[in-house]
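A closer look at the structure
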Amino acid sequence: METLDKFDIAILHELQTDGRLTNAELAHRVGLSAAPCWRRVRALEERGYITGYQAVIDRHKIGLGVLAFVRLDADRNSGDATRQLEAAIKQLPEVIACHYISGTGTFELQVVTQDLDSFSRFALQSLINLPNVKDMHTSFSLGEVKARSALPLGHLSAVTRVTTK
């Protein structure tokens, strides 16, 4: 078990809020001087708590008006067939998230496209033709209530021991 202290948790919180903070501003916000703050950020990266930095882009502004949730049912759930399907899904830029799911289905995908016509083409030309796909079920987002990638950190303040794999 690795320990995260209040400064590590504060750094994670601030960087989730604004990944473009300068080290000086980050240090000021978390109550450290610049050098120890920089060392802590590097340590959090090396230990795998911080896995990257990216810009969050408004999909509507770049013409991706359709967000679909697609459940794929695999024909077989053997290791080789599943790995082959996973590899094919990873190659599709329209798929922005993919999860194994419990219950009915094998995978739940989040797919973005320009409009319903482009989704239809993508579904019929790409998704249904993926290896080992038996069936596909789609639901469309009618509007986003909440969409964020920041993870809740409140549980870390009460218990500062975090299990790592």
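Coordinates for the structure precede this section.
Scope of this entry: the structure provided in the associated data block. (Residues numbered from 1 in each chain as written. Predicted model: local features only at pLDDT ≥ 70, side-chain atom pairs only at ≥ 80, totals over all residues. Heavy atoms only, no water.)

**Concerning the nonpolar core**
Buried together is how nonpolar side chains tend to be arranged in soluble globular proteins. What counts is decided by this rule: Buried Ala, Val, Leu, Ile, Met, Phe, Trp, Tyr and Cys residues form a nonpolar core when they are joined through side-chain atoms within 4.5 Å. In this scheme, a residue with accessible area under 20% of its type's maximum is buried, one over 50% is exposed, and one in between is partly exposed, where area comes from a 1.4 Å probe on protein chains only. Secondary structure elements are taken from DSSP: a helix is a run of H or I of four residues or more, a strand is a run of E of two residues or more, and numbering for both begins at the N terminus. Contact criterion: two residues are considered in contact whenever any of their non-hydrogen atoms come within 4.5 Å of each other.
Ranked by internal contacts, the top residues of the largest apolar core, which has 20 residues, are Val70, Leu72, Ile89, Leu109, Val111, Leu127 and Leu130. For this core, the secondary structure elements donating two or more residues are strand 2 (66-74), helix 4 (79-90), strand 4 (107-113), helix 5 (116-127) and strand 5 (133-140). The element that contributes the greatest number of residues to this core is strand 2, accounting for 5 residues. Once residues within four sequence positions are removed from consideration, Val70 is found in contact with Phe107, Glu108, Leu109, Val111, Phe119, Leu127, Met136, His137 and Thr138. Ranked by size, the runner-up nonpolar core spans 16 residues in total, among them Leu21, Leu26, Val30 and Cys37.

**Let's talk about the pairing of strand 4**
Basically, it comes down to this: Whether two strands pair comes down to DSSP finding at least two bridges between them.
Across the 7 residues of strand 4, 5 count as buried, placing the element largely inside the fold. With 5 bridges joining them, strand 3 (residues 95-100) and strand 4 adopt antiparallel strand pairing. Following the sheet pairing, His99 is matched in strand 4 by Glu108. Hairpin connection between strand 3 and strand 4: a loop of 6 residues separates the two successive antiparallel strands, and Gly103 in this loop has a positive phi of roughly 80°.

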